[in-house]
Amino acid sequence: MEDAKNWQGSVVIACSDEIDIEWAQSLISYADVIPQLPIYQQGNLGERLNYVDTKLRAKGHQQLIFIGTDAPILNSQHFESALIALHANDIVLSHADDGGVIIMANKTPWPELKTLPWSTDELSVTLSQLCKQHRLSVKYSLPGYDVDYVADLQKLLLDLKTDKRPARQALLNKIKALVY
């Protein structure tokens, strides 16, 4: 939320569960809060991303940046790198160390993402290949990592030591309490 509050453009929070919508609206009053899928419908991450992309384009949004909420390493350099790359490309991806992605940006609607190998070390490459098969230009921006395992927390512990953002410092203190 710290990054969303500092974002200069429109902010959208896409909730995976309907019960989170009211809570999300309380976080940032000016954010547009939407569900990731229609009520009572289930789907994988690809289906949810396609749905959100379609809904946001129907509302007039043209350039979208999807970020992983499990990637506290994301910072202004990551966002700036994605924005710069998006000016000249249809799709921008920020590769994660584990083979996934931590940023997915697009100015052209996503192709059908349902069948991609979500949560695998093949996602980043497969997503890029899929976009290129649909004749979309793809550029990689500044890479990073998300937090899936204890080893990721240990890496984050080191990386957050120099991060001055208050929420990241609070996270750093929580990690220290867990690790030590």
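Residues numbered from 1 in each chain as written. Predicted model: local features only at pLDDT ≥ 70, side-chain atom pairs only at ≥ 80, totals over all residues. Heavy atoms only, no water.

Asker: Just checking my understanding: could you explain the overall build of the protein for this structure?
Answerer: Helix and strand counts for the protein come out as seven helices and six strands. Across the protein, helices and strands are ordered from the amino to the carboxyl terminus as α-β-α-β-α-β-α-β-β-α-β-α-α. Scaling as 2.2 N^0.38, a compact globule of 180 residues should have a C-alpha radius of gyration of about 16 Å, and the protein matches this with 16 Å. Counting only C-alpha atoms and orienting by the principal axes, one finds that the protein spans roughly 50 × 35 × 30 Å. Buried residues in the protein amount to 41% of all 180 residues. (Helix = DSSP H or I, 4+ residues; strand = E, 2+ residues; numbered from the N terminus. Rg over C-alpha atoms; globule rule 2.2 N^0.38 Å. Buried < 20%, exposed > 50% of the residue type's maximum accessible area, 1.4 Å probe, protein only.)

Asker: Looking at this structure, I do not really get the side chain of Gln36. What am I missing?
Answerer: Residue position: Gln36 is located in the loop between strand 2 (32-35) and helix 3 (45-58). A polar side-chain atom of Gln36 sits 2.8 Å from the main-chain carbonyl oxygen of Ala14. There is a polar contact of 2.6 Å between the side chain of Gln36 and the side chain of Arg48. (Polar contact = N/O pair within 3.5 Å; in protein donor to acceptor, adjacent residues only side chain to side chain.)

Asker: I'm lost on the pairing of strand 5 (residues 101-106) in this one. Help?
Answerer: Put simply, side chains in a regular strand alternate between the two faces of the sheet. With six of its six residues buried, strand 5 lies for the most part within the structure. Summarising the sheet, strand 3 (residues 64-67) and strand 5 pair through four bridges and their orientation is antiparallel. Directly across from Leu64, in strand 5, lies its bridge partner Asn106. Across five bridges, the pairing between strand 4 (residues 91-95) and strand 5 is antiparallel. Each bridged residue has a counterpart across the sheet, and for Ser94 the counterpart in strand 5 is Ile103. (Pairing = 2+ DSSP bridges.)

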